[in-house]
Amino acid sequence: MFDHLIQNVQILDGSSAPAFSGSVALAGGTIAAVGHISAPAAHTVDGGGRYLAPGFIDIHRHADAALLSPGFGQAELAQGLTTIINGNCGVSLVPVDGPHQAAVLDYLAPITGRCDRVFPTLGDYRAAAGALPLHAGMLVGMGTLRACAAGFRDGALTEEECRAIHAALERALADGALGVSLGLGYAPECFYTTEQLLQVLAPLRRSGRVITVHMRQEGDGVTEALEEMLAVARALETPVEISHLKAIGKRNWRRAVPEMLARIAQAREEGLDVMCDVYPYPAGSTQLIHVLPPEFQAGGLSALTAALRDPEDRARMRRRMETGTDFENIVLLAGFENILAASLRRPENVPFEGCSIAAIAAAQGKDPYDALFDLLAAEDCGPSMIDFIADEADIEAILRAPFSGVISDATYPAGLPHPRVYGAFPRLLETYVRQRGVLALPEAVHKITRQPADRFGLTKKGRIQPGADADLCLFGLERVRERGTWSQPDQLAEGMDWVFTAGVPVVQEGQSTGLRPGRVL
Ligand SMILES: [Zn+2]
């Protein structure tokens, strides 16, 4: 006797093969049978001809802190997600320990959400997370490891600091971290030279562990940044995943992305295991301080706040931002009108939540650089931003590449979130499959199921076949809908009628059941 029998469905097995009709039986948290099944089950679901796919997998979220809050998972389940991977962009909440821990938590807050607890090991974190409505994997953030070992200062690490990072890295991998993430666009990892980076990553050589990377630059220097990562992949002989591939700034649109896709294809032909992923939106979201020249972050957020109050430092920052191309100069590339401020806490600033820096400057009768510097200084560098930086044609080109995956890059700031937190996966199906036909449905499903599962060695996930984990979602393609907008992002998506995590229904007829069969992997 099976636990569940899901009958009369179009099965997308995750392989990118066309859907086929049949039934799927679940028993003891695994898929027991696929095809035409006559044996009885305790519960039967009539699929009514809808699609049954493996539960979706988001390998790039920043829910490190968010998943510890009691109601976590509604936004994720409504999109059909049954597995997420946190700890991306070098900025993982785990493992955090030592004298710099408070500075690390402050730095992470606009990305992962505020957390006032520290987790020295993945085991501590796993115990605190307990039972979840979906599964969560963790990457070790190399920026977190560096900040814990050496703070936010620039320059080379001492041998002792490097040894401490190696030890922490090896411990986290032994503890069950699924891979390693880099945030070369962020302090303090932006202070590594390529040679120093290779030194700190030395334990990963030939390990088969995936390194995901938020590259050093995504603007004018993005192709050079990609070349750096291809050199890292070649030197370490381990898989590399280029996170949220894009080209920031109109002058780079439709030029840099095709060039980078060709470079990745060529590198793969040479035998490098390099892939990339993309979030299906023209805007990103991260810390607002990310628009500043990185060298001013060398003393951490308190030193940066002091610099933002100092007339000479402000003048230097401004000069760098007016013309600099050697850092991710988002103001120059996208313009103040395309950078929205969020997570504002002071009462006089709260009315500007979701407004562009250009609009805030106009309202305050200030020059936009002054408005930006004043806002950051008043808010102790804590704000987040939503920045419109990427091009739709570039997004479509990346989606079409056979070596690309799809991610949300969902961040969990205290203020206005990006709609991708609630809608990245329905948006893929609604906009890029159904409306624009950029991808066929089986191919889109493959990119968010079997492909990411195999990438991270989760070989029982992301497929519908006997013996695989019973993580599944049931939906009618014509009813899948993203409901969040830029001004009202926090709307649950529609269209996921049933979601199973580990064989347990966590969404039933479109309603959350409140059951928690998931865990930190
Ligand atoms: Zn990132």
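Residues numbered from 1 in each chain as written. Predicted model: local features only at pLDDT ≥ 70, side-chain atom pairs only at ≥ 80, totals over all residues. Heavy atoms only, no water.

Undergrad: Hey, could you run me through the coordination of the zinc ion in this one?
TA: Put simply, a metal with four donors set out as a tetrahedron has ideal angles of 109.5 degrees, and one with six donors set out as an octahedron has ideal angles of 90 or 180 degrees. Looking at the zinc ion, one finds its protein donor set to be Cys 89 (SG), His 214 (ND1) and His 244 (NE2), positioned 2.1 to 2.3 Å from the metal centre. Mapped onto the sequence, the donors of the zinc ion take the spacing C-x124-H-x29-H. Placement of Cys 89 in the loop between β7 (81-86) and α2 (101-112) and of His 244 in the loop between β11 (240-242) and α8 (256-269) is noted, with a sequence separation of 155 residues between them. Judged by its relative accessible area of 2%, His 244 falls in the buried class. (Donors = N, O, S within 2.8 Å, 3.2 Å for Na, K, Ca; no water. Helix = DSSP H or I, 4+ residues; strand = E, 2+ residues; numbered from the N terminus. Buried < 20%, exposed > 50% of the residue type's maximum accessible area, 1.4 Å probe, protein only.)

Undergrad: Which parts of the structure should I look at to understand the packing of helix α12 (residues 357-364) against helix α13 (residues 368-378)?
TA: Helix-helix packing is characterised by the crossing angle of the two axes and by the distance between the axes. Contact pair α12 / α13: the axes reach a minimum separation of 8 Å and the direction vectors enclose 100°. Comparing their axes, α13 and α12 come out roughly perpendicular. Mapping the contact onto sequence places Ile 357, Ile 360, Ala 361 and Gln 364 in α12 and Pro 368, Ala 371, Leu 372 and Leu 375 in α13. Of the residues contributing to the contact of α12 with α13, the split by class is seven nonpolar, one polar and no charged. (Axes fitted to C-alpha atoms, helices over the stretch in contact; angles between N-to-C directions. Parallel < 35°, antiparallel > 145°, perpendicular 65-115°, else oblique. Contact = heavy atoms within 4.5 Å. Nonpolar A, V, L, I, M, F, W, Y, C, P; charged D, E, K, R; others polar.)

Undergrad: Can you walk me through the pairing of strand β9 (residues 179-183) in this structure?
TA: Consecutive residues of a regular strand have side chains that alternate between opposite faces of the sheet. Of all five residues in β9, five are buried; the element is thus mostly enclosed. Of the two faces of β9, both are covered, the one formed by Gly 179, Ser 181 and Gly 183 as well as the one formed by Val 180 and Leu 182. Of the pairings in the sheet, the one linking β9 to strand β10 (residues 210-214) comprises five bridges and is parallel in character. Opposite Gly 183, over in β10, you have His 214 as the bridge partner. (Pairing = 2+ DSSP bridges.)

Undergrad: Would you explain the pattern of salt bridges in this entry?
TA: It is possible for side chains bearing opposite charge to pair when their charged atoms get close. Inspection of the entire model under this criterion finds 38 salt bridges. Here Glu 218 ties to Lys 246 by a salt bridge, and the two come within 2.8 Å at their closest N and O atoms. With a gap of 28 residues between them, Glu 218 in the loop between β10 and α7 (222-236) and Lys 246 in the loop between β11 and α8 connect regions that are remote in the sequence. Taken individually, Glu 218 and Lys 246 each receive the classification buried, so the pair is uniform in this respect. With a shortest N-O distance of 2.7 Å, Arg 320 and Glu 295 are connected by a salt bridge. Placement of the pair is Arg 320 in helix α10 (residues 311-323) and Glu 295 in the loop between β13 (283-287) and α9 (300-309), with a sequence separation of 25 residues. It is possible to trace a salt-bridge network through shared partners that takes in Arg 314, Lys 366, Asp 370 and Asp 374. (Salt bridge = Lys/Arg side-chain N within 4 Å of Asp/Glu carboxyl O.)

Undergrad: Just checking my understanding: could you explain the sheet that holds strand β6 (residues 56-58) for this structure?
TA: Pairing between the strands of a sheet is mediated by backbone hydrogen bonds and can be parallel or antiparallel. A sheet is described by the order of its strands in space; here eight strands give the open sequence β6-β7-β8-β9-β10-β11-β12-β16, paired in parallel fashion. Each edge of the open sheet carries a strand with a single partner, namely β6 and β16 (404-406). Across the sheet, the mean angle from the axis of one strand to that of its neighbour is 25°, orientation sign disregarded. Docked against the sheet, helix α14 (residues 392-400) engages β12 (274-278) and β16, running at close to 135° with respect to β12.

Undergrad: What's the story with helix α5 (residues 159-174) in this structure? I'm lost.
TA: For the α-helix, the turn length of 3.6 residues means that residues three or four positions removed from each other point alike. With 16 residues, α5 ought to run about 22 Å at 1.5 Å a step, and its terminal C-alpha atoms sit 23 Å apart, in line with that. Taken as a whole, α5 has its buried residues at Glu 161, Cys 162, Ile 165, His 166, Ala 168, Leu 169, Ala 172 and Leu 173. Along the axis of α5, the buried positions cluster into a sector of 170°, meaning they face one direction only. Among the exposed residues of α5, those pointing more than 90 degrees away from its buried face are Glu 159, Glu 160, Arg 163 and Ala 174. Residues of α5 that are buried make contact with α3 (122-129), β8 (135-141), α4 (142-150), β9 and α6 (194-200). Among the residues trailing α5, Gly 176 stands out with phi positive, at a value near 115°. (Expected span 1.5 Å × (residues − 1). Arc of directions from axis to C-beta.)

Undergrad: What's the story with the environment of Pro 442 in this structure? I'm lost.
TA: Along the polypeptide, Pro 442 turns up in helix α16 (residues 441-447). Between the C-alpha atom of Pro 442 and that of Leu 12, which follows or precedes it by 430 residues, the distance is 6.4 Å. With sequence-adjacent residues up to four places away left out, Pro 442 is seen in contact with Leu 12, Ser 16, Ala 17 and Pro 18.

Purely spatial values, then, with no claim about function.
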